[in-house]
Amino acid sequence: WGFNSSFHQPAAFLMLGIPGLEALHPWISIPFCALYLTALLGNCMILFIIKKTQSLHEPMYYFLSMLAVTDLGLVLCTLPTTLGLFWFNLRRIGFDACLTQMYFIHILSFIESSVLLAMAFDRFIAISRPLRHPSILTKATVTKIGLAIVLRGMVSLLPIPFLLKRLTYCGKTELSHSFCFHSDIMNLACADIKVNVFYGMIILLSTVGMDFIFIVLSYILIIKTVVSLATKEECLKALNTCVSHICAVLVFFIPMIGLSMIHRFGKNVPPLVNTLVAYTYLIIPPALNPVIYSIKSSHIREALLRALRRKSG
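What you see is a predicted model, and the numbers here were worked out from it, not measured in a lab.

What to know about empty space enclosed by the protein
Picture a little ball the size of a water molecule; that probe, rolled over the atoms, points out where space is still empty.
Thinking step 1. Applying the stated criterion across every chain, the model contains two cavities of 30 Å³ or more.
Thinking step 2. Here the largest cavity defines a volume of roughly 260 Å³.
Thinking step 3. Going through the elements one at a time, α3 (95-128), α7 (182-186), α8 (194-227) and α10 (243-265) are the ones with two or more residues in the lining of the largest cavity.
Thinking step 4. Of all the elements, α10 adds the most residues to the lining of the largest cavity, at five residues.
Thinking step 5. Considered class by class, the residues forming the lining of the largest cavity number nine nonpolar, seven polar and one charged.
Thinking step 6. If you trace the second largest cavity, you find it lined by Met60, Phe63, Met119, Asp122, Arg123, Thr241, His245 and Tyr293.
Thinking step 7. Those elements that place two or more of their residues in the lining of the second largest cavity are α2 (59-88) and α3.

Structure below.
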């Protein structure tokens, strides 16, 4: 874009569904509805079971509750605009509404990354210091960690909407997705966006990037501890407690890294690939996390079966 000295902000942006498949949007909405429903019911079920089961009032399950609340938030952020576009072709979203949605999507993504790090720390303490685990991760400590995670996300991303509002926009107002991303909005500006690019990169690397590095380091230390265990059975039992968390980490970070790479370096990537990776990043983890934990965690599974028996009885 050429620089335009007259300041201009669009009244609204136009959202895009799945490029090239616009005529099939009503049919495509069926799997999306199934994923959203799975995410809503699954995460609500996790929260209900943890709240009602006294034996699950432990740090691991407190952090799982935080993950479930974060996933519910992500679902509720994207569901209205995505299904509104697929069902009713509602493509228009107001400028301020778009910035608000973008802010909460990014905050919740950062919070999810931090919660996964806290869960990795919990697994490390539980395996390497099992006797001291209850005294290290008390209820008060878990609460402080939760508050720190939320404040970190809110404060680090607070400048982003203001950095976008100062830009001049002209010409194209069509977004790449059915929801708002920082890089997507930023690329529609016809002003200098170096500050936005630099700040976005610094915040991403210093939060999500550092979280991922510390998660990897946690698992290196966990593996080192597990290898030193006396028997093979103890080793497998210790590793088995980490399987659900490892799956959640992979489901979240692989699409997120892929989307970040596409937005920054994938200028020639087909729009369909960009769109599918974005949907995978925002919709698949909230739908899969409760399924993963329900299948792999015997405590969650047993509590769920007890609840179902009580209802049927």
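Some points on the packing of helix α1 (residues 25-52) against α2
Thinking step 1. Interhelical geometry of α1 versus α2 gives an angle of 155° and a closest axis separation of 9 Å. As summarised for this structure, α1 and α2 are arranged roughly antiparallel, according to the angle between their axes. α2 is crossed by α1, and the crossing has left-handed handedness.
Thinking step 2. Among the residues making up the contact of α1 with α2, the classes are represented as 23 nonpolar, six polar and one charged.

A closer look at α8
Thinking step 1. Taking 1.5 Å of rise per residue, the 34 residues of α8 would be expected to cover 50 Å, and the 47 Å separating its terminal C-alpha atoms lies within 8% of that figure.
Thinking step 2. Taken as a whole, α8 carries its principal kink of about 30° at leucine 205.

Digging into the environment of phenylalanine 179
Thinking step 1. Along the polypeptide, phenylalanine 179 turns up in the loop between α6 (159-165) and α7.
Thinking step 2. Phenylalanine 179 gets classed as buried once you look at its relative accessible area, which sits at 0%.
Thinking step 3. A C-alpha to C-alpha distance of 18 Å links phenylalanine 179 and isoleucine 30, two positions 149 residues apart in sequence.
Thinking step 4. Those residues within four positions of phenylalanine 179 in sequence are excluded, and the remaining contacts are Met15, Thr78, Thr81, Thr82, Gln101, Ile105, Ala278, Tyr279 and Leu282.

Reading the values: rules and limits
Residues numbered from 1 in each chain as written. Predicted model: local features only at pLDDT ≥ 70, side-chain atom pairs only at ≥ 80, totals over all residues. Heavy atoms only, no water. 1 Å grid on protein atoms, 1.4 Å probe; cavity = no way out; pocket = protein on both sides within 12 Å on 5 of 7 lines; lining within 4 Å. Points joined across faces, edges and corners; volume = space filled by probe spheres on them. Helix = DSSP H or I, 4+ residues; strand = E, 2+ residues; numbered from the N terminus. Nonpolar A, V, L, I, M, F, W, Y, C, P; charged D, E, K, R; others polar. Axes fitted to C-alpha atoms, helices over the stretch in contact; angles between N-to-C directions. Parallel < 35°, antiparallel > 145°, perpendicular 65-115°, else oblique. Left-handed = near helix turned anticlockwise from the far one by under 90°. Expected span 1.5 Å × (residues − 1). Bend = angle between axes of the 7 residues up to and from the residue. Buried < 20%, exposed > 50% of the residue type's maximum accessible area, 1.4 Å probe, protein only. Contact = heavy atoms within 4.5 Å.

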